[in-house]
Amino acid sequence: MTSTVSGFPVLGAAITDLLGHDWKFVHTRPSRTTGSIRHRDGKHIGFVVAVKANGNLTLQAGDSQPLAVLQTTETAQDTEHAANAVVDLIRDSLKSAPVKLDDQLPFETLLAVYHRAERLMNAHIEQVLPRHVEGAVRAALDEKTLTEHGSPVSATFDTTEQDNGYVWLADETQVVLADGTQRTVDLGWAGQCRNFLVDHALEHEVGDDDVLTVTFAPPGLRIA
């Protein structure tokens, strides 16, 4: 079913679904047409999205006054289309390097930047993977299961072989719920979760017999 983008929280939910579990949408009360998009780590700039009286959709970045307008688009009667447009703009704005990098840098400097960025990415994945797995598990479970058996407390992954090595198998994720009930779910292909699982497995050079257990409260990762 197609929804209009005349207000929130429908559009906000669509945006954060596309951005992934690291992001949240905060409705600006009492307004029904303005809200903020924030990253959970608190290190990113915030974004304000608003539906104007003329029907235009605006996305603004930062806390400056006035806020910088990234783009104004004609809002179609389609939440998915509008959410994709906002997400594309946010991702593009976040891709700018924090320092100026150009092709005049020495090879050794570029190599150091590359390795530093790789270490930072691996550390980031270790930190956020439990949250992404929990979000994907909740999305894969139906509301009846969650109501009857409680929240998921852990997920376990076996490995599967790909061209570039063994990776965690997200198609048959073993989930334990609060009351001890177990379910097998497919985490699907959407979002960052599967990509992070692949990167994590390759970084740790897992093999055929390895098993990953992800816990959610408290968040943790264990390879056995």
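Refer to the structure presented above.
Residues numbered from 1 in each chain as written. Predicted model: local features only at pLDDT ≥ 70, side-chain atom pairs only at ≥ 80, totals over all residues. Heavy atoms only, no water.

(A) Structural view of the nonpolar core. One finds Val133, Val137, Ala155, Phe157, Trp168, Leu187 and Leu197 to be the most contacted residues of the largest nonpolar core, which totals 26 residues. Breaking this core down by element, the ones donating at least two residues are α3 (107–140), β6 (152–157), β8 (165–168), β9 (173–177), α5 (193–204) and β11 (212–216). Here the element with the most residues in this core is α3; it accounts for six residues. Apart from the residues within four sequence positions on either side, Leu197 is in contact with Leu129, Val133, Phe157, Trp168, Ala170, Leu187 and Leu212. (Core = buried A, V, L, I, M, F, W, Y, C linked by side-chain atoms within 4.5 Å. Buried < 20%, exposed > 50% of the residue type's maximum accessible area, 1.4 Å probe, protein only. Helix = DSSP H or I, 4+ residues; strand = E, 2+ residues; numbered from the N terminus. Contact = heavy atoms within 4.5 Å.)

(B) Structural context of the pairing of β6. For β6 and β9, the ladder comprises four bridges, and the chain directions are antiparallel. Residue Ser154 lies in a different strand from β9, and its bridge partner there is Val176. Summarising the sheet, β6 and β11 pair through four bridges and their orientation is antiparallel. Bridge assignment links Phe157 to a residue of β11, and that residue is Leu212. (Pairing = 2+ DSSP bridges.)

(C) Broad picture of the pattern of salt bridges. Counting across every chain of the model gives four salt bridges. The shortest N-O distance in the salt bridge between Asp171 and Arg194 comes to 2.8 Å. Highlighted residues: Asp171 in the loop between β8 and β9 and Arg194 in helix α5, separated in sequence by 23 residues. Note that Arg194 is salt-bridged to Asp186, the shortest N-O span being 3.5 Å. Classification of Asp186 as partly exposed rests on a relative accessible area of 44%. (Salt bridge = Lys/Arg side-chain N within 4 Å of Asp/Glu carboxyl O.)

(D) Main features of the packing of aromatic side chains. Across all of its chains, the model carries one aromatic pair by this definition. Summarising the aromatic geometry, the rings of Trp23 and Phe47 are spaced 6.5 Å apart at their centres and angled 50° between planes, so their arrangement reads as tilted. One end of the pair, Trp23, is in strand β1 (residues 23–27); the other, Phe47, is in strand β3 (residues 47–51), with 24 residues separating them in the sequence. Just as Trp23 is buried, Phe47 falls in that class too. (Phe/Tyr/Trp six-rings, centres within 6.5 Å; stacked < 30°, edge-to-face > 60°.)

(E) Structural context of the sheet that holds strand β12 (residues 219–223). The strand order across the open sheet formed by five strands is β10-β9-β6-β11-β12, and the pairing between neighbours is antiparallel. Both outer strands of the open sheet, β10 (182–185) and β12, are each paired with one neighbouring strand and no more. This sheet shows a mean twist of 20° between the axes of neighbouring strands, independent of strand direction. Alignment of β11 against β12, held across five bridges, turns out to be antiparallel. Bridge assignment links Phe216 to a residue of β12, and that residue is Pro219. (Axes fitted to C-alpha atoms, helices over the stretch in contact; angles between N-to-C directions.)

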